[in-house]
Amino acid sequence: MKDDQSGGLLSLVSKVVGVEGGPSFDFSRFFSQVFVRHSDEELEDFLCQGDGVPPDRIDREWPMPWVFSRVLVFGALAALFAWLCGVFSPGNLRVVPLQMFAYTALIPLGVTVLLFELNVCRSISVYTALKVFLAGGVIAFVASAFVYDVMANTAVSKALGQSEAGIVEEAVKLLAVLLFVRTVRKSSNVLEGIALGAFVGLGFAVFESMGYYFRIFLLTLVKNSAAGAQAALQAAFATAEGNVVLRAWSSPYGHMTFSAIVVGGLILVKGARPFALSMLCDRRFLRIAMIPILCHMFWDSSFLNSSAGFVVKLSIVAVVEIATLIVLVSYGLKTAGGDDGRRKPD
């Protein structure tokens, strides 16, 4: 995306979001460090961020992330090992923790680290990220369960069906981030909001995927109990694993990205000003938030509910989310270190 945007999806998203300008996105340059060898010292330097970068030293060009690729490779290897264990030792209950950890946590974590690496301000510590991930994820997950219970059998719930998840889950994840008042108050650049949103989305996604695994595993086990213990276990493993594998590989366009856009939009509107609840009603924030909410609703809807439909829906959601992130990140890079571009260190 260039300062003189013209036409195309990025231009349309820029008009919806209400921002324009920023460094252009170069796909090959963006991933150029993935296959480059990096030292342990570079990784330790990445993990030691949190003090922020002086405004005059911030690189406002698109970053070249690489840490995420190491997490993804490790996650893919762990997932492969879990799958092989399931093939050569079907019905082995000791494989369950490995499957859950690899599919529900490691692969989504790689996506989250990628969004975290976009924060060139280096103003959010790993401790803060983990706090938002654990506490924020738990709060959002519990809050969503409560809201679903309240809304059960209501006219709104029946009308929306599964699509209600787009409204409920994005709202509770935003609420979870807002509970970390001190963190939100210090955040002033959209890149910080993207990082915070990604980690609360990761927490929610991990707990949700684990819940699906257990639920599907137990229901399938009971359903096939008449076939014998071994056959029931094998069926339960295969069914539960199939679900979390699908969720793992579609995770780049799931909860982490949805929340990153919502929270990034809020911090974009907030800037360096003190946070106020009225900002949640700001038209620009609402326009930004509606993008992931509508994508989430579309994703969970019964529309195109087939194998081919799944690919179509995933493609549409992916294109819209990536375009929105490119626009937001470009604006964040442009304003990093400015009046609304830097956050005080933790």
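Residues numbered from 1 in each chain as written. Predicted model: local features only at pLDDT ≥ 70, side-chain atom pairs only at ≥ 80, totals over all residues. Heavy atoms only, no water.

**With respect to the pattern of salt bridges**
Then, number 1: Considering all chains together, one arrives at three salt bridges under this definition.
Then, number 2: Note that D45 is salt-bridged to R122, the shortest N-O span being 3.6 Å. Residue D45 is found in helix α3 (residues 40-47), and its partner R122 is found in the loop between α5 (95-117) and α6 (126-151); the two are separated by 77 residues along the sequence.
Then, number 3: Across the pair K173 and E170 runs a salt bridge whose closest N-O atoms are separated by 3.0 Å. Taken together, the positions of K173 and E170, both in helix α8 (residues 164-178) and three residues apart, correspond to about one turn of that helix. (Salt bridge = Lys/Arg side-chain N within 4 Å of Asp/Glu carboxyl O. Helix = DSSP H or I, 4+ residues; strand = E, 2+ residues; numbered from the N terminus.)

**Considering the nonpolar core**
The nonpolar side chains of a soluble globular protein tend to be buried with one another.
Then, number 1: Residues V17, I194, L268 and L328 are the most contacted members of the largest nonpolar core, which totals 72 residues.
Then, number 2: It is helix α10 (residues 190-223) that provides the largest number of residues to this core, a total of 12 residues.
Then, number 3: The contacts of V17, once residues within four sequence positions are left out, are R284, R287, I288, I291, V327 and L328.
Then, number 4: Grouped together as the second largest cluster of nonpolar side chains are 17 residues, A102, I107, L233 and A240 included. (Core = buried A, V, L, I, M, F, W, Y, C linked by side-chain atoms within 4.5 Å. Buried < 20%, exposed > 50% of the residue type's maximum accessible area, 1.4 Å probe, protein only. Contact = heavy atoms within 4.5 Å.)

**Structural notes on helix α13 (residues 283-300)**
Then, number 1: A rise of 1.5 Å per residue sets the reference length of α13, with its 18 residues, at 26 Å; its end C-alpha atoms lie 25 Å apart and thus fit the reference within 8%.
Then, number 2: At M290, α13 shows its largest kink, close to 25 degrees, and the proline P292 lies no more than four residues downstream.
Then, number 3: Residues of α13 that are buried include every one of F285, I288, A289, I291, P292, I293, C295, H296 and M297, and no others.
Then, number 4: Those residues of α13 hidden inside the fold are in contact with α1 (8-17), α7 (155-160), α8, α12 (255-270) and α14 (307-335). (Expected span 1.5 Å × (residues − 1). Bend = angle between axes of the 7 residues up to and from the residue.)

**Some details on the confidence of the model for the protein chain**
Then, number 1: With 94% of its residues at a pLDDT of 70 or more, the protein chain has an overall mean of 85.
Then, number 2: Across residues 1-7 the pLDDT falls below 50, and counting only partners more than four positions away or on other chains, this stretch makes 21 contacts in the model.
Then, number 3: Overall, residues 339-346 carries pLDDT values under 50, and its contacts beyond four positions in sequence, including any with other chains, amount to 38 contacts. (pLDDT = per-residue confidence, 0-100.)

**What to know about the side chain of S163**
Then, number 1: Along the chain, S163 falls in the loop between α7 and α8.
Then, number 2: Separated by 3.2 Å, the side chain of S163 and the backbone oxygen of M297 make a polar contact.
Then, number 3: Residues within four places of S163 in sequence aside, it is in contact with M297, D300 and S301. (Polar contact = N/O pair within 3.5 Å; in protein donor to acceptor, adjacent residues only side chain to side chain.)

**Quick notes on the packing of aromatic side chains**
Then, number 1: Scanning the model with the defined rule gives 12 aromatic pairs in all.
Then, number 2: Relative to F217, the ring of Y213 has its centre 6.1 Å away and its plane inclined at 10 degrees; by these criteria the two rings are stacked. Of the two residues, Y213 and F217 both sit in helix α10, four residues apart, roughly one turn of that helix. F217 matches Y213 in its accessibility class, with the two residues each being buried.
Then, number 3: In textbook terms, an aromatic cluster arises when at least three aromatic residues are bridged by ring pairs, as seen for F25, F27, F30, F31, W62 and F68.
Then, number 4: Its end group placed over the ring of F204, K173 keeps NZ or CZ at 5.7 Å from the ring centre. (Phe/Tyr/Trp six-rings, centres within 6.5 Å; stacked < 30°, edge-to-face > 60°. Lys NZ or Arg CZ within 6 Å of the ring centre and 35° of its normal.)

**Examining the packing of α12 against α13**
How two helices sit against one another is set out by the angle between their axes and by the gap between those axes.
Then, number 1: In the contact formed by α12 and α13, the axes pass within 8 Å of each other and the chain directions differ by 175 degrees. When the axis of α12 is compared with that of α13, the two are roughly antiparallel. Residues H255, F258, I261, V262, G265, L266, L268 and V269 of α12 lie in contact with α13, whose contacting residues are R284, F285, I288, A289, P292, C295 and H296.
Then, number 2: Here the contact of α12 with α13 is composed, by residue class, of 11 nonpolar, three polar and one charged. (Axes fitted to C-alpha atoms, helices over the stretch in contact; angles between N-to-C directions. Parallel < 35°, antiparallel > 145°, perpendicular 65-115°, else oblique. Nonpolar A, V, L, I, M, F, W, Y, C, P; charged D, E, K, R; others polar.)

**Focus on the environment of L160**
Then, number 1: Within the element layout of this structure, L160 appears in helix α7.
Then, number 2: Exposure remark for L160: the relative accessible area of 29% places this residue in the partly exposed category.
Then, number 3: Distance from L160 to M297, taken between C-alpha atoms, is 8.8 Å for residues 137 residues apart in sequence.

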